[in-house]
Amino acid sequence: ADGWSVKRAIRRIALSEAYGMSSRPLAESAAKDPGNLLYHSARVRRLSGESLRDSLLALSGRLDEKRFGPPVPPYLTPFQDGRGKPGSGPLDGDGRRSIYLGVRRNFLSSWMLAFDTPNPFSTVGRRTVSNVPAQALVLLNDPLVHQQARLWAQKALKSQTGQSESARSLMSEAFSRPPSPGELADAVAFVGEHSRNPGSSAEDALTLLAQALINSKEFAYVR
């Protein structure tokens, strides 16, 4: 009916009532369809590795929205070694979106592999969606997370006045909603406690809060 326009088909689906359903089902619907076989509510799903990485860059202010251009060489950790090892790209990929990261089949991105990006050895009809400890460890320990969390904290400090407003800004940006009074009180207490540690600063404390928000389920899962 739309002349086989894929763009119009995607628009029709994305603007439909079914696509916009909440993932929090009504009790009556859940009782009738406990397995959600009839899709009475949206299924909670994790963001892809590409989307998670792009989200980090967007929050820190490093995301380069420029379209097209040559691929950026992937960042290689010191543990990635072997014959024919290419030069490593920058840790944040120059801020380019994940779709522009280069792929070397023998030196794949450890970040992307942890979040189920398919191996480029053959075609894949549907991605695997896993929930494994490596994903939590990446979000805790990866140098990209540490780098972007600090940049995000610095941005919040520059744009807001006081630790309370900076914490509110971080939570609002992470979850795309204002924090509840209880959540904000916990965050402010967390920042205050860590900023009083010897040798620590407000930036250090906000960086820790940013890392904690990145590791929350609400950040990584679409509801």
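Refer to the structure above for everything that follows.
Read on for an overview of the structure. The model shown is predicted, which means the values in this text are computed figures rather than measured ones.

1. A few points about the overall build of the chain
Here's step 1: Across its full length, the chain carries 10 helices and two strands.
Here's step 2: Ordered by position in the sequence, the α and β elements of the chain form the string α-α-β-α-α-α-α-α-α-α-α-β.
Here's step 3: With 223 residues in all, the chain has 33% of them scored as buried.
Here's step 4: For the chain, the proportion of contacts with a sequence separation of at least 24, taken over those separated by at least 6, is 60%.
Here's step 5: Carbon and sulfur atoms make up 56% of the accessible area of the chain, which amounts to about 14,100 Å² in all.
Here's step 6: Computing the positive centroid from 29 side-chain charges and the negative centroid from 21, the chain places the two 7 Å apart.

2. Structural notes on helix H9 (residues 202-214)
Here's step 1: Taking 1.5 Å per residue as the helical rise, H9 with its 13 residues ought to reach 18 Å, and the 18 Å between its terminal C-alpha atoms agrees with that figure.
Here's step 2: Listing the buried residues of H9 in full gives Ala205, Leu206, Thr207, Leu209, Ala210, Gln211, Leu213 and Ile214.
Here's step 3: Packed against the buried residues of H9 are helix H3 (49-60), helix H5 (133-141), helix H6 (143-159), helix H7 (163-175), helix H8 (181-195) and helix H10 (217-220).

3. What to know about the environment of Tyr75
Here's step 1: Its place among the elements puts Tyr75 in the loop between H3 and helix H4 (110-114).
Here's step 2: Tyr75 sits in the partly exposed class, given a relative accessible area of 31%.
Here's step 3: When residues no more than four places from it in sequence are discounted, the contact partners of Tyr75 are Gln80, Ser88, Gly89, Pro90, Leu91 and Pro143.

4. Quick notes on the packing of aromatic side chains
Where two aromatic rings form a pair, the distance of their centres and the angle of their planes describe that pair.
Here's step 1: A full pass over the atoms with the stated rule returns one aromatic pair.
Here's step 2: Measuring from centroid to centroid gives 5.3 Å for Trp111 and Phe115, while their planes differ by 50°, and the two rings are tilted.
Here's step 3: Trp111 gets classed as buried once you look at its relative accessible area, which sits at 5%.

5. Overview of the packing of H8 against H9
Here's step 1: Viewed as axis vectors pointing N to C, H8 and H9 meet at an angle of 135°, and their least axial separation amounts to 8 Å. Taken together, the axes of H8 and H9 are oblique relative to one another. In the packing of H8 onto H9, the handedness of the crossing is right-handed. Across the interface between the two elements, Ala187, Phe190, Val191, His194 and Ser195 of H8 pack against Ala202, Ala205, Leu206, Leu208 and Leu209 of H9.

6. Description of the pattern of salt bridges
Here's step 1: For the structure on display, the rule yields 14 salt bridges.
Here's step 2: Put simply, Arg127 and Glu50 hold a salt bridge, and the shortest N to O gap is 2.8 Å. Placement of the pair is Arg127 in the loop between H4 and H5 and Glu50 in helix H3, with a sequence separation of 77 residues.
Here's step 3: A salt bridge links Glu218 to Arg177; the shortest N-O distance between them is 2.7 Å. Taken as a pair, Glu218 in helix H10 and Arg177 in the loop between H7 and H8 lie far apart in primary sequence, 41 residues in all.

7. Some points on the nonpolar core
Here's step 1: Within the largest apolar cluster, 34 residues are counted, with the highest numbers of intra-cluster contacts made by Trp111, Trp152, Leu170, Leu209, Leu213, Ile214 and Phe219.
Here's step 2: Elements with a contribution of two residues or more to this core: H3, H4, H5, H6, H7, H8, H9 and H10.
Here's step 3: Setting aside anything within four residues of it in sequence, one finds Leu170 in contact with Trp152, Ala156, Leu206, Leu209, Ala210 and Leu213.

8. As for the side chain of Ser130
Here's step 1: Of note, Ser130 is situated in the loop between H4 and H5.
Here's step 2: Within the structure, Ser130 has its side chain in polar contact with the side chain of Asp116 (distance 2.7 Å).
Here's step 3: A distance of 3.1 Å separates polar atoms of two side chains, one belonging to Ser130 and the other to Gln135.
Here's step 4: Once residues within four sequence positions are removed from consideration, Ser130 is found in contact with Arg46, Asp116 and Gln135.

Each value, and the rule that gives it
Residues numbered from 1 in each chain as written. Predicted model: local features only at pLDDT ≥ 70, side-chain atom pairs only at ≥ 80, totals over all residues. Heavy atoms only, no water. Helix = DSSP H or I, 4+ residues; strand = E, 2+ residues; numbered from the N terminus. Buried < 20%, exposed > 50% of the residue type's maximum accessible area, 1.4 Å probe, protein only. Contact = heavy atoms within 4.5 Å. Areas by Shrake-Rupley, 256 points an atom, 1.4 Å probe, with all protein chains shown as cover. Lys, Arg positive; Asp, Glu negative; His and termini not counted. Charge placed at Lys NZ, Arg CZ, Asp CG, Glu CD. Expected span 1.5 Å × (residues − 1). Phe/Tyr/Trp six-rings, centres within 6.5 Å; stacked < 30°, edge-to-face > 60°. Axes fitted to C-alpha atoms, helices over the stretch in contact; angles between N-to-C directions. Parallel < 35°, antiparallel > 145°, perpendicular 65-115°, else oblique. Left-handed = near helix turned anticlockwise from the far one by under 90°. Salt bridge = Lys/Arg side-chain N within 4 Å of Asp/Glu carboxyl O. Core = buried A, V, L, I, M, F, W, Y, C linked by side-chain atoms within 4.5 Å. Polar contact = N/O pair within 3.5 Å; in protein donor to acceptor, adjacent residues only side chain to side chain.

Keep in mind that these numbers describe shape and distance, not what the molecule does.
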